Amino acid sequence: QVRLVESGGGLVQPGDSLRLSCAASGLTLRRYAVAWFRQASGKEREFVAGITSNGATPYANSVKGRFTIFRDNAQNTVYLRMNSLKPEDTADYYCAASYRTLTTSTDGFDFWGQGTQVTVAS
């Protein structure tokens, strides 16, 4: 059974940092395209960052230069390091994995985690 479990969310102040984790079981993440999406209250789920099986890492423009996605193959975990957090980064963050080519569309993913909440407020 495939499971993706996110953790690391919380309440932080503007300018702070967080590291989100996406731990997988039942599949080997390095063989998949993996992405982080987020969904703010009342908004659609949006692509944040992704990592392909060969290590390419595209980012949404809104997080480029602040967020970093990386993978620890030994831990079978994908991380999202978030620096210089802003109130507009507040959302539920989800990781997703796909057998197919990395896409920014939610339709392109086969497995999803349950999400972790990030709140940025002073």
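All of the points below concern the structure found in this document. (Residues numbered from 1 in each chain as written. Predicted model: local features only at pLDDT ≥ 70, side-chain atom pairs only at ≥ 80, totals over all residues. Heavy atoms only, no water.)

Thoughts on the side chain of T116
1) Next: Relative to the helices and strands, T116 resides in strand β10 (residues 116-120).
2) Next: Here the side chain of T116 touches G9 through a polar contact of 3.1 Å, landing on its backbone nitrogen.
3) Next: With residues up to four places along the chain from it excluded, the contact list for T116 reads E6, S7, G8, G9, L20, A91, D92 and Y93. (Helix = DSSP H or I, 4+ residues; strand = E, 2+ residues; numbered from the N terminus. Polar contact = N/O pair within 3.5 Å; in protein donor to acceptor, adjacent residues only side chain to side chain. Contact = heavy atoms within 4.5 Å.)

Looking at the environment of D16
1) Next: In this structure, D16 sits in the loop between β2 (10-12) and β3 (18-25).
2) Next: Sequence separation between D16 and V120 is 104 residues, and the spatial gap between their C-alpha atoms is 8.4 Å.

Examining the sheet that holds strand β7 (residues 77-82)
1) Next: Read from one edge of the open sheet, four strands run β1-β3-β7-β6, paired in antiparallel fashion. In this open sheet, the two edge strands, each paired with only one partner strand, are β1 (3-7) and β6 (67-72). Pairwise comparison of adjacent strand axes, ignoring direction, gives a mean angle of 15° for this sheet.
2) Next: In the sheet, β6 pairs with β7 via six bridges, with the strands oriented antiparallel. (Pairing = 2+ DSSP bridges. Axes fitted to C-alpha atoms, helices over the stretch in contact; angles between N-to-C directions.)

Digging into the packing of aromatic side chains
What characterises a pair of aromatic rings is the spacing of the ring centres plus the angle enclosed by the ring planes.
1) Next: Overall, the coordinates contain seven aromatic pairs when judged by the stated rule.
2) Next: Ring plane angle 80° and centroid distance 5.8 Å describe the contact between F37 and F47, whose orientation is recorded as edge-to-face. Linking F37 in strand β4 (residues 33-39) with F47 in strand β5 (residues 46-51), this pair joins segments that are ten residues apart in sequence.
3) Next: Under the relative-accessibility criterion, F47 is labelled buried at 11%.
4) Next: These aromatic residues form a ring-pair network of at least three members: F37, F47, F109 and W112.
5) Next: A cation over a ring is seen here: R45 above Y94, with NZ or CZ 3.7 Å from the ring centre.
6) Next: Note that R45 overlies the ring of W112, its terminal NZ or CZ placed 5.0 Å from the centroid. (Phe/Tyr/Trp six-rings, centres within 6.5 Å; stacked < 30°, edge-to-face > 60°. Buried < 20%, exposed > 50% of the residue type's maximum accessible area, 1.4 Å probe, protein only. Lys NZ or Arg CZ within 6 Å of the ring centre and 35° of its normal.)

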